[in-house]
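# Report on the structure
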Amino acid sequence: MINCLRGVLRPVSRPSSWLPGAAALGALAFGAGVGGQTAPAHATAATSAATVSASSMSSRVLACTACHGKEGRATPEGYFPRIAGKPAGYLANQLLNFRDGRRSYPQMTYLIEHLTDDYLREMAEHFAAQDLPYPPPPAPQAPPAALERGRALVQQGDAARNIPACVSCHGAAMTGVNPSIPGLLGLPRDYLNSQLGAWKTGQRRAHAPDCMAGIAQQLTPDDVSAVSAWLAAQPVVAGGKPARTLPVAMPARCGGVAEVPVAAVAAPAPVIGGSR
Ligand code: HEC
Ligand code: HEC
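Residues numbered from 1 in each chain as written. Chains lettered and ligands numbered in written order. Predicted model: local features only at pLDDT ≥ 70, side-chain atom pairs only at ≥ 80, totals over all residues.

### Regarding the overall build of the chain
Scanning the chain from terminus to terminus reveals 13 helices and zero strands. Its helices and strands in sequence order give the chain the pattern α-α-α-α-α-α-α-α-α-α-α-α-α, from N to C terminus. The buried share of the chain, taken over its 276 residues, is 41%. Relative to all contacts within the chain whose residues are 6 or more apart in sequence, the contacts with residues 24 or more apart total 69%. (Helix = DSSP H or I, 4+ residues; strand = E, 2+ residues; numbered from the N terminus. Buried ≥ 20, exposed ≤ 12 C-beta atoms within 10 Å, placed from the backbone. Contact = placed C-beta atoms within 7 Å.)

Right, dumping it as structure tokens:
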């Protein structure tokens, strides 16, 4: 199924029989070709981001919904992260990160590895524009003391250990900040654990300076599981909508986040690490 759909995302200049036995997908391939890097020159020239039709976009993202759920609304129980309604710049940065090797999930990278920046940005905007309700969170999966430790790290940080409060960048409501800082709610606990772990080991990287690498390295494994357990058990407020801005400057500079002011004392902050 996914192999087949990769063809829809990666149109090649072959006759319409290139998707064996898939007449319906053959029709979708035309839509996906518009704006794709291998589309005929006349189609690309005549097509800009603004003119990608809704139907070509929904066929383009069909392959994504196999894992991310219909409309990108994954459930909190599994591993797959929800992508619907996340800040567009954040989603675009992640697609670039997967394509360019700063993040790794081979089954997904395979689908996007030859797509252009513009094509990825259009898909990011499509998912960012989805406005769908979040399900209630699953029951907490940690003892009360661990949950309290997680809450305190997220809301207050630990200055003695050079850990800034997570809310100082992810927003007081933890729903992220447009256009490039993601929210921390509505994500599965396993996914959160894995992301923080991957940052600690350098398997996940962001554009330099990679502020999250420095922060993750300050967290012990117990901190990581406390934070993930607490975050995964919180209800999503305000429809999960990213904030427009932060009330105070971010405590450290983060690559890929150009728009939010950074506190003067924080540049260069000791928590910044792993930049490349
Ligand atoms: C085979 C399953 C699969 C398919 C198909 C897939 N993804 Fe993913 N995607 C994942 C997994 C798993 C992750 C988390 C990987 C990790 O551990 O970092 C992910 C992560 C992401 C992220 C980062 C989310 C975040 O919060 O950081 C984005 C954005 C994304 N996928 C978009 C897409 C798009 C767009 C498509 C279609 C072109 C797609 N994915 C297809 C499995 C898939
Ligand atoms: C200095 C600002 C800053 C602080 C403080 C911060 N973050 Fe982040 N965080 C970011 C940015 C920016 C990203 C997006 C990185 C990227 O583009 O990949 C991010 C991404 C994440 C992600 C990935 C979300 C996803 O959907 O994959 C997680 C999880 C996360 N942060 C957790 C935390 C936790 C837990 C804390 C507190 C211990 C924290 N962050 C503190 C800036 C910050």
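### What about the nonpolar core?
In terms of nonpolar packing, the biggest core is built from 49 residues, with Leu 91, Ala 124, Phe 127, Met 212, Ala 216 and Leu 231 touching the most fellow members. At seven residues, the largest contribution of residues to this core is made by helix H13 (residues 221–232). Structurally, this core is a two-domain feature, drawing no fewer than three residues from each of domain 1 (2–128) and domain 2 (144–266). With residues up to four places along the chain from it excluded, the contact list for Leu 231 reads Gly 150, Val 154, Leu 184, Leu 185 and Leu 192. (Core = buried A, V, L, I, M, F, W, Y, C linked by C-beta atoms within 7 Å. Domains from an automatic or database assignment.)

### Let's talk about the site of ligand 2
What surrounds ligand 2 is a group of 29 residues, the closest being Pro 164, Cys 166, Cys 169, Ala 206 and Cys 254. Of the residues that constitute the shell around ligand 2, the class distribution is 24 nonpolar, five polar and no charged. For the shell around ligand 2, the domains that each give at least three residues are domain 1 (2–128) and domain 2 (144–266). (Near = placed C-beta within 6 Å. Nonpolar A, V, L, I, M, F, W, Y, C, P; charged D, E, K, R; others polar.)

### Observations regarding helix H11 (residues 189–201)
Between its terminal C-alpha atoms H11 stretches 18 Å, which fits the 18 Å expected from 13 residues at 1.5 Å a residue. Against the buried residues of H11 lie helix H12 (211–218) and H13. Positive backbone phi, at 85°, marks Gly 202, one or two positions downstream of H11. (Expected span 1.5 Å × (residues − 1).)

### Things to note about the packing of H11 against H13
At their nearest, the axes of H11 and H13 sit 8 Å apart, and the two run at 145° to each other. Once H11 is placed against H13, the crossing between them reads as right-handed. Two secondary-structure elements touch here, H11 through Arg 189, Leu 192, Asn 193, Leu 196 and Gly 197 and H13 through Val 224, Ser 225, Ser 228, Ala 229, Leu 231 and Ala 232. (Axes fitted to C-alpha atoms, helices over the stretch in contact; angles between N-to-C directions. Left-handed = near helix turned anticlockwise from the far one by under 90°.)

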